[in-house]
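Residue strings, one per chain:
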Amino acid sequence: MAQTEMLTQQRCVACRADSPRVTEAEIAAFQPQVPDWELLDDGGVLKLRRAYRFRDFAGALAFTNRIGVIAEEEGHHPLISTEWGRVTVWWWSHKIRGLHRNDFIMAARTDALRDAPPVGDRN
């Protein structure tokens, strides 16, 4: 898949312990598609993090559940913190202790969920 292909249109690939982490050049290519995500070094493990705001707990919980659906579909699962009016999501690949293309794909797909709430969502 070309790096320039929209991340939201890509699918995750199985990540093994010997899968390559993204390079600095790949990070630079992917970040414009997920500009609101922070790149964090957590004890030597690079992670992506973003907090989303909601008007209430119900909206935050509904968004959390939508993330859960796409995580299950792709077999790639984030750390999610859900609280009143806020959902914080962290993506990284545990097996490689860092970032993989999958993490950027899922960050972009998470943004797409927030930008296009399902019918009936009032947030």
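Calculation notes
Residues numbered from 1 in each chain as written. Predicted model: local features only at pLDDT ≥ 70, side-chain atom pairs only at ≥ 80, totals over all residues. Heavy atoms only, no water. Helix = DSSP H or I, 4+ residues; strand = E, 2+ residues; numbered from the N terminus. Pairing = 2+ DSSP bridges. Polar contact = N/O pair within 3.5 Å; in protein donor to acceptor, adjacent residues only side chain to side chain. Contact = heavy atoms within 4.5 Å.

Caption draft 1: Structural detail: the environment of Asn 102. Looking at where Asn 102 falls in the secondary structure, it is placed in helix 3 (residues 101–115). Along the primary structure Asn 102 and Arg 21 are separated by 81 residues, whereas in three dimensions their C-alpha atoms are 10.0 Å apart.

Caption draft 2: Molecular detail of the pairing of strand 3 (residues 79–83). Strand direction decides the pairing type here: strand 3 and strand 4 (residues 86–91), joined by 5 bridges, are antiparallel. Across the sheet, the residue bridging to Ser 81 is Thr 88, located in strand 4. A loop of 2 residues connects strand 3 with strand 4, the two strands running antiparallel in sequence, and Gly 85 in this loop sits at a positive phi of about 75 degrees.

Caption draft 3: Local environment of the side chain of Ser 93. Tracing the backbone shows Ser 93 in the loop between strand 4 and helix 3. A distance of 2.9 Å separates polar atoms of two side chains, one belonging to Ser 93 and the other to Asp 103. In this view, Ser 93 contacts Cys 15, His 76, Gly 98, His 100 and Asp 103; residues no more than four positions away in its chain are not counted.

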